[in-house]
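Given next are the chains, with one letter for each unit.
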Amino acid sequence: MEGEEKLCATSLESLIDFSVERLGQNVRVLPTDAGKKQEYTVSAKATMIGDHKAAVCHKMRYPYAAHYCHVIADTEIYEVPLVGADGTKVKAVTVCHLNTSAWSPYQGRSQKFFLF
């Protein structure tokens, strides 16, 4: 996408360096809790956190650590409380892209790490 900066990070160090270079020194890492596979329901109102620019890193399926990281402006970052079918409580982090007009209608990703 136009204006998007991206990197295939093959180490935690390169993931952090990429994010700090684009967002500055004051970043927070917000991983989505790793709950077990089950049905989850939103249990309370989502809370908006951060500003309108985030680095998002998606874990890739490789035999070694690899993350697809990208930075794009015009986003809203939310923390969403969830409760599983078995009562387990987790917090998920999600990003709403405010302008998707240049996206393919088939584009979709599951977020894992958010730095802002």
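Residues numbered from 1 in each chain as written. Predicted model: local features only at pLDDT ≥ 70, side-chain atom pairs only at ≥ 80, totals over all residues. Heavy atoms only, no water.

1. What to know about the environment of Glu 5
Rules: Secondary structure counts use DSSP, requiring at least four H or I residues in a row for a helix and at least two E residues in a row for a strand, with both numbered from the N terminus. When accessible area is computed with a 1.4 Å probe and restricted to protein chains, residues below 20% of their type maximum are described as buried, those above 50% as exposed, and intermediate ones as partly exposed. Polar contact is defined as a pair of N or O atoms within 3.5 Å, subject to the rule that within protein one atom must be able to donate a hydrogen and the other to accept it, and that residues adjacent in sequence are counted only when both atoms are side-chain atoms.
Checked against the element boundaries, Glu 5 lands in strand E1 (residues 5–9). Look at Glu 5 and you get partly exposed, because its relative accessible area is 32%. Along the primary structure Glu 5 and Val 71 are separated by 66 residues, whereas in three dimensions their C-alpha atoms are 5.2 Å apart. A polar side-chain atom of Glu 5 sits 2.9 Å from a polar atom in the side chain of Arg 22.

2. Topic: the pairing of strand E7 (residues 75–84)
Threshold: At least two bridges found by DSSP between two strands are what make those strands a pair.
Counted residue by residue, E7 has 8 buried out of 10 residues, so it is predominantly covered. Direction of pairing for strand E3 (residues 40–42) relative to E7: antiparallel, over a ladder of 3 bridges. Across the sheet, residue Thr 41 finds its bridge partner in E7, namely Val 83. For E7 and strand E8 (residues 89–97), the ladder comprises 9 bridges, and the chain directions are antiparallel. Its bridge partner lying in E8, Tyr 78 is registered against Thr 94. In this antiparallel pair of consecutive strands, E7 and E8, the connection spans 4 residues, and Gly 87 shows a positive phi of 95°.

3. A short note on the pairing of strand E6 (residues 67–73)
Across the 7 residues that make up E6, a large majority, 6, are buried. Two elements, E1 and E6, share 5 bridges in a ladder whose sense is antiparallel. Residue Leu 7 lies in a different strand from E6, and its bridge partner there is Cys 69. Sheet analysis places strand E5 (residues 53–59) next to E6, joined by 7 bridges and oriented antiparallel. Within E6, the residue paired with Cys 57 across the bridge is Cys 69.

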